[in-house]
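The residues making up each chain are set out below.
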Amino acid sequence: MGRYLIIRLGGLAMMLFIVSVIVFVLMHLIPGGPYDESKMPLSEAAKANIMRSYGLDKPLWEQYLRYVGNALRFDFGYSYQSPGETVDQLIGRVWLVSLQLGAMTLAVAIPLGLLLGIISARHQNSWIDNLVTFLATLGIVLPHFVLGILLILVFSNLLHLLPTGGWDGPKTWIMPVIAYAVGPMGIIARYTRVSLIDVFGADYLRTARAKGLTEQIILRRHVLRNASVPILTVVGPLVPDLLTGSIFIESIFRIPGLGGYFVSSIFARDYPMIMTLALLSACVVGVAYLLTDLIYLVIDPRIRLQ
Amino acid sequence: MMQRSPAMTAGLDAEPLAALNPVRKERTPRRQAWQRFSANRMSLVGLAIVALLLFLAIFAPLVAPFDYDEPDFTAAWLFPSREHLMGTDGIGRDFFSRIVYGARTSMAIGLSAQAIALVIGLTLGLIAGLRGGRVDFLIMRLVDAIWAFPRMLFAITLLTVLGSGFGNVLIVLAATGWIPICRLTRAQVLSQRERDYVIAARAIGVSERRIAFAHLLPNIMGPVIVAITIGVPEAIFAEAGLSFLGIGINPPVPSWGQMVGESMNYIRYYWHLALFPAVMIGLTMLGFVLLGDGLRDALDPRSRS
């Protein structure tokens, strides 16, 4: 177990290194810099001063090494687009909002998706099943920004029930969470249905019934446990996606979260911010995959470490 | 005799039977595929939506009542009416015409991005699967490296490097779009290349190139076609997203994503500017996904759940 963890963490570090190199190269390929005439009309001397204080006058390889060296000590530098604030202060402030949104979305999508999937599988091929499957498909297919706009038009414009955007209080949370949750919910419902139907046809279930176990125990001990492995396979990758913020949801509902900074940082050539955001999302993805694999081990003893 | 059961006709000669039933249809693979496809009403709905969108895209100049880029400042911000079916935008351009031309942008992007992706993905997938060894290793590492990046972040960064516009959007979408097709093709080739028909072809001295294109390709096309119908809406969705952010298609060429993005500032007053492009994007996604589901049932029967 310890050995396995060390190998996996080593792999994660390797991936972070590769991501850092590629992102560094790509962002310096973008023409222009953070203190160009068009962005910030400064005198030559002032510009040179700023460039020097941020180390932008150094050769690129030295800038890269400096960034990585500092990042290893959790010093990510100052954000160019938000002067006076370090990158980790800025990310800490805005990521909190995205985390809130993502956590609420997960709290809606996972239980409801499971519930719909179970109902669907229990009544396989009935009208309930068809309705749930159709709604799940619709949820997966409709882009969440389309759904968000439709929600705004109905609940803000037409019915005047909810504010069109912002992020203060439960009233502003409802629509973004719904728009964001419907897609993952549909995916979870569909996979839950399929994997439950697979389990319902299995021999061990007939055996369990034959030896007289109650339906309650069969559901808990045999059905859910066996069905949870394929379900986990789809939930795992959804989690990091939802926790790092959505560019579109945050833009449509004017939520001051992390998502918008992916775009604005690239536009502003905010190099430390771009690097840190890329490393952060790679890190969240890597950790989520690792945790998913560890949970597999707990729920399914047939899965062995490799 | 209303119906002939197999038992009743079993002893009869073939010839009089054929005379009795001259319109008997043959069960060709194509006909079977169509039967499987049309058995599900939703796939027919998908086909109808996609056909309608293609019609709008091809015949946009005939369908649209106005020029898509003709401003009329005396008729700005109009709500839908009989003259302007979907109203007008901030500088008085007929919104219905812009929506119709938007179909052209979406279809052009979706289909050509997928066409480029198909050529690259199919070729590299065939090479990787047939050659194996070091070539296979290199191609698959390239695939892994590109796939490890979040697609949207990759697209945004690359587009900022290249600059926005139709051609560059196409390049960016094709740059990631070939990956699933390459993976699928390689997996299909691996599962087919030891089959008897391939070994037989090799035994009688057919060249590797001919084996790849004349023997393997027809046998792996089914799943590949399904992958394309999944790839087209993905490309359309990505284009809409990029244009929404303002780094996709450049104005004045209309794109639904761009129209949605611009409408966000006025959504409280001018609902029509947000509603119609959003509905069109949703409809397009729905049409292609339903069509893709139907095609999967029809062409790749093993994958049916």
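Just so it is clear, the structure is predicted and the values come from calculations on it, not from any experiment.

**Looking at the pattern of salt bridges**
Residue and element names in this part refer to chain B.
Then, in step 1: Counted by the stated rule, this structure contains eight salt bridges over all chains.
Then, in step 2: Ionic pairing is found between Arg-193 and Glu-194, a salt bridge with its closest N-O pair at 3.5 Å.
Then, in step 3: By relative accessible area, Arg-193 is classed as partly exposed at 24%.
Then, in step 4: Among the salt bridges present, the one from Glu-208 reaches Arg-202, with a minimum N-O distance of 2.9 Å.
Then, in step 5: Glu-208 gets classed as partly exposed once you look at its relative accessible area, which sits at 41%.

**Quick word on the environment of Val239(A)**
All names here are of chain A.
Then, in step 1: Along the polypeptide, Val-239 turns up in helix H9 (residues 215-243).
Then, in step 2: The exposure class of Val-239 is partly exposed, given its relative accessible area of 24%.
Then, in step 3: Considering only alpha carbons, one finds Val-239 and Pro-184, 55 residues apart in sequence, at a separation of 9.5 Å.

**What about the domain arrangement of chain A?**
All names here are of chain A.
Then, in step 1: When cut into domains, chain A gives domain 1 (2-72) and domain 2 (92-299).
Then, in step 2: In this assembly, 22 residues from domain 1 lie in contact with 19 residues from domain 2.
Then, in step 3: Taken over both partners, the interface formed by domain 1 and domain 2 buries close to 1,800 Å², and the fraction arising from carbon and sulfur atoms is 78%.
Then, in step 4: When the area that domain 1 buries against domain 2 is broken down by residue, the three leading residues are Arg-8, Met-27 and Tyr-67, summing to 31%.
Then, in step 5: Run the count over domain 1 and domain 2 and you get one salt bridge.
Then, in step 6: The partner of Arg-8 in a salt bridge is Asp-293, with the nearest N and O atoms 2.7 Å apart.

**A few points about the packing of helix H1 (residues 2-29) of chain A against helix H3 (residues 60-72) of chain A**
Residue and element names in this part refer to chain A.
Then, in step 1: It is at 12 Å that the axes of H1 and H3 come closest, and there the two elements cross at 140 degrees. In terms of axis orientation, H1 runs oblique to H3. Every pair of crossing elements has a handedness; the one defined by H1 and H3 is right-handed. Listed contacts from H3 to Phe-17, Ser-20, Val-21, Phe-24 and His-28 of H1 are Leu-60, Gln-63 and Tyr-64.
Then, in step 2: Here the residues of the contact of H1 with H3 sort into five nonpolar, three polar and no charged.

**Considering the interface of chain A and chain B**
Then, in step 1: Contact with chain A, which involves 30 residues of that partner, is made by 30 residues of chain B.
Then, in step 2: When the area that chain A buries against chain B is broken down by residue, the three leading residues are Val141(A), Phe145(A) and Phe248(A), summing to 19%.
Then, in step 3: At the surface where chain A touches chain B, the tally comes to zero salt bridges.
Then, in step 4: Between chain A and chain B we count zero residue pairs in polar contact (both at pLDDT 80 or more) in total.

**Concerning helix H6 (residues 144-158) of chain A**
Residue and element names in this part refer to chain A.
Then, in step 1: Counted at 1.5 Å a residue, the expected span for H6 with its 15 residues is 21 Å, and the 20 Å between its end C-alpha atoms agrees.
Then, in step 2: Among the residues making up H6, those that are buried are Phe-145, Val-146, Leu-147, Gly-148, Ile-149, Leu-151, Ile-152, Leu-153, Ser-156 and Asn-157.
Then, in step 3: Note on H6: the residue one or two positions beyond its end, His-160, has a positive phi of about 55 degrees.

**Digging into the environment of Ile118(A)**
Then, in step 1: With respect to the secondary-structure elements, Ile118(A) resides in helix H4 (residues 87-122).
Then, in step 2: A residue is classified by how much of its surface remains accessible, and Ile118(A), at 30% relative accessible area, is partly exposed.

**Description of the packing of aromatic side chains**
Then, in step 1: Applying the stated criterion across every chain yields a total of 10 aromatic pairs over all chains.
Then, in step 2: Note on Trp167(A) and Trp173(A): the rings are 5.8 Å apart at their centroids and 40 degrees apart in plane angle, and the pair reads as tilted.
Then, in step 3: Each residue in the set Phe145(A), Phe248(A), Phe237(B) and Phe244(B) is aromatic and connected to the rest through ring pairs, giving one cluster.

Cut-offs and rules
Residues numbered from 1 in each chain as written. Chains lettered and ligands numbered in written order. Predicted model: local features only at pLDDT ≥ 70, side-chain atom pairs only at ≥ 80, totals over all residues. Heavy atoms only, no water. Salt bridge = Lys/Arg side-chain N within 4 Å of Asp/Glu carboxyl O. Buried < 20%, exposed > 50% of the residue type's maximum accessible area, 1.4 Å probe, protein only. Helix = DSSP H or I, 4+ residues; strand = E, 2+ residues; numbered from the N terminus. Domains from an automatic or database assignment. Contact = heavy atoms within 4.5 Å. Buried area = accessible area lost by both parts, 1.4 Å probe. Axes fitted to C-alpha atoms, helices over the stretch in contact; angles between N-to-C directions. Parallel < 35°, antiparallel > 145°, perpendicular 65-115°, else oblique. Left-handed = near helix turned anticlockwise from the far one by under 90°. Nonpolar A, V, L, I, M, F, W, Y, C, P; charged D, E, K, R; others polar. Polar contact = N/O pair within 3.5 Å; in protein donor to acceptor, adjacent residues only side chain to side chain. Expected span 1.5 Å × (residues − 1). Phe/Tyr/Trp six-rings, centres within 6.5 Å; stacked < 30°, edge-to-face > 60°.

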